[in-house]
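# Descriptive analysis of the structure
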Amino acid sequence: MLRTDGNVILIGFMGCGKSSVGRKLASLLAVPCLDTDTLIEEQEKMTIREIFAQMGQEYFRNAETRAVRGLTGREGRYVLSVGGGLPLRSENRELLKKLGTVIYLKASVQTLAERLARDTSRPLLQGEEPLEEKITRILSEREALYEETCSNVVMSDGKSIREVAQEIKRLIT
Ligand code: S3P
């Protein structure tokens, strides 16, 4: 359901612009901007890369669930961007829907590949498999979950961060 008050939650694939759009939208709405990866890095005192390498993906996924659970009692409006894999768990999807209006920030595989081409910070994108194939494969496992979690889809292809943030602001006000 689209709500015209309350929190805005941005979901979507790695590289779709959640964090940058989240920061811009938060400044347009004059509210704090939160990001689950940042919350986890602060909590664990390690980077996402280090968490994956030293503790494994399951540990990281549990930290994601703790991070969203931790937001349930939080007062005051905010914009929240979440890691691309966070909506994989059904508990997380239900929590996100309770926390606010969920927007799926969508981008084409080509746009994502361009933005992620030189990235070394995302463990799931490392390895030999060509980037576009990897994105296509992981996205196909996730797309339906992103769609079932969100109340609106916003396309980011060919738009500036500001344009996307303004589009979301218009949707929710
Ligand atoms: C992940 C996305 C990343 C980060 C981690 C795993 C994923 O966040 O949480 O590398 O599984 O899609 P971004 O979507 O902000 O890149």
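Quick note: structure is the one above.
Here is a short report on the structure shown in this document. Values in this document were obtained by computation on a predicted structure and should not be read as measured data.

This brings us to the site of the ligand. Not every one of the 13 residues close to the ligand is listed here, only the nearest: K18, D37, R61, R122 and R142. Contact between the ligand and K18: an oxygen atom at 2.5 Å from a side-chain N or O atom of the residue. At 2.8 Å from an oxygen atom of the ligand is found a main-chain nitrogen or oxygen belonging to G84. Isolated, the ligand exposes 390 Å² of accessible area, and the fraction of that covered by the protein chains is 96%.

Let's shift gears to the packing of aromatic side chains. Counting across every chain of the model gives 2 aromatic pairs. Plain terms: the ring middles of F52 and F60 are 5.0 Å apart, the flat faces sit at 40° to each other, and that makes the pair tilted. With a relative accessible area of 15%, F52 lands in the buried category.

Moving on: the nonpolar core. Formed by 42 residues in total, the largest nonpolar core has its most connected members in V8, I11, F13, L80, L96 and I168. Leaving out residues up to four positions away in the same chain, I168 has contacts with V8, L10, V21, L25, I103, L105 and V154.

Parameters at a glance
Residues numbered from 1 in each chain as written. Predicted model: local features only at pLDDT ≥ 70, side-chain atom pairs only at ≥ 80, totals over all residues. Heavy atoms only, no water. Near = heavy atom within 4 Å. Polar contact = N/O pair within 3.5 Å; in protein donor to acceptor, adjacent residues only side chain to side chain. Areas by Shrake-Rupley, 256 points an atom, 1.4 Å probe, with all protein chains shown as cover. Phe/Tyr/Trp six-rings, centres within 6.5 Å; stacked < 30°, edge-to-face > 60°. Buried < 20%, exposed > 50% of the residue type's maximum accessible area, 1.4 Å probe, protein only. Core = buried A, V, L, I, M, F, W, Y, C linked by side-chain atoms within 4.5 Å. Contact = heavy atoms within 4.5 Å.

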